Amino acid sequence: MSISAENITWKVGKKVIVNNVSLAVSQGQTVGLLGPNGCGKSSLLRILAGLRRPHTGTVALDGKSIAGMAKKQFARRVAFVEQHGMTDANMRVRDVVKLGRIPHHSPFSSWTPQDDETITTALKTVDMLHHSEQGWQSLSGGERQRVHIARALAQMPTEILLDEPTNHLDIHHQIQLMQLISQLPVTSLVAIHDLNHASMFCDALIVMQQGEIVATGTPQEILTEDLLWDVFRVKTKIELSPFHGKKHIHYLV
Ligand SMILES: Nc1ncnc2c1ncn2[C@@H]1O[C@H](COP(=O)(O)OP(=O)(O)OP(=O)(O)O)[C@@H](O)[C@H]1O
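Residues numbered from 1 in each chain as written. Predicted model: local features only at pLDDT ≥ 70, side-chain atom pairs only at ≥ 80, totals over all residues.

Draft legend 1. Layout of the environment of Ser140. Among the structural elements, Ser140 can be located in the loop between helix H4 (113-125) and helix H5 (141-154). As a C-alpha pair, Ser140 and Leu169 span 29 residues in sequence and 9.8 Å in three-dimensional space. (Helix = DSSP H or I, 4+ residues; strand = E, 2+ residues; numbered from the N terminus.)

So this is what it looks like as structure tokens:
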């Protein structure tokens, strides 16, 4: 297993936000994390990213608990793109992406042409190279989102956690990004609301409801009309797309 969690529970006061969650994501898989607003997706991702300590349970990389892992060692492996990621307002786009290289440097190591190359490639990948010299503050919401993803790619992680990465993106960039994530040679866990994108681009899905995991499996296996009614209270008609062969969800109103 690439990244796994066992019996994770996280509370705020007496309120249980993440309730006894266990999961295992295999190397190289793209796994979609689905569920209604407030069901605990971001909270779970923050725990997996090591930003929150669970009250019970463990998170592991290749079976080794992250609890005792040095921060830098962890950051060389796991990148996290938060839903509302902030960046120092006065930075240029290229400098924001440069931050992704920090875990790969010591205070005494010098900047290399490979570092520059990695940053250029990351910016190119998210279609932001032409904005390299622009100030962060002047970017649109979607452009900021793409720069944060470039920073995560510059980190050259083996696991990438993304919290609603297509938020703010136009449909062209949503599809481009989901395609990119699904093709990256890394393990990806991505919180996503668009069920058709989840079906098209994810190898497996984890569905949460009220802090618990209620379904896991391939999109083919678990995206059913019953599940979508039970979890999201939406009426749907699901069929196999004649165009891409994956399940396609029609919403009935
Ligand atoms: N620090 C906190 N203090 C109090 N409540 C919190 C805290 N963090 C999260 N919550 C609550 O926990 C629940 C889960 O929040 P979380 O952000 O994990 O949901 P989510 O599934 O990511 O939602 P969305 O789809 O809207 O982004 C929400 O009810 C939220 O208000």
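Structure shown, so let's carry the discussion forward.
Draft legend 2. Structural view of the pairing of strand E1 (residues 3-12). As defined by bridge partners, E1 adjoins strand E2 (residues 15-25) across seven bridges and the pair is classed as antiparallel. Within E2, the position partnered with Lys11 by the bridge is Val16. Between E1 and E2, which pair antiparallel in sequence order, lie two residues; one of them, Gly13, sits at a positive phi of approximately 60°. Two elements, E1 and strand E4 (residues 56-61), share five bridges in a ladder whose sense is antiparallel. Of the residues in E4, the one forming a bridge with Thr9 is Thr56. (Pairing = 2+ DSSP bridges.)

Draft legend 3. Fine view of the site of the ligand. Lining the immediate environment of the ligand, one finds Val12, Ile17, Gly35, Asn37, Gly38, Cys39, Gly40, Lys41, Ser42 and Ser43. The greatest single-element share of the shell around the ligand, amounting to three residues, is contributed by helix H1 (residues 41-48). Broken down by class, the residue content of the shell around the ligand amounts to three nonpolar, six polar and one charged. (Near = placed C-beta within 6 Å. Nonpolar A, V, L, I, M, F, W, Y, C, P; charged D, E, K, R; others polar.)

Draft legend 4. Structural detail: unusual backbone geometry. In this structure, Asp127 takes a positive phi of about 65° despite not being glycine. Tracing the backbone through its elements, the reader meets Asp127 in the loop between H4 and H5. Judged by the 16 C-beta atoms lying within 10 Å of it, Asp127 falls in the partly exposed class. The phi angle at His168 is positive, at roughly 80°, despite the residue not being glycine. (Buried ≥ 20, exposed ≤ 12 C-beta atoms within 10 Å, placed from the backbone.)

Draft legend 5. Spotlight on H1. H1 sits mainly inside the fold: six of its eight residues count as buried. The positive-phi residue at the C-terminal boundary of H1 is Gly50, with phi of around 80°.

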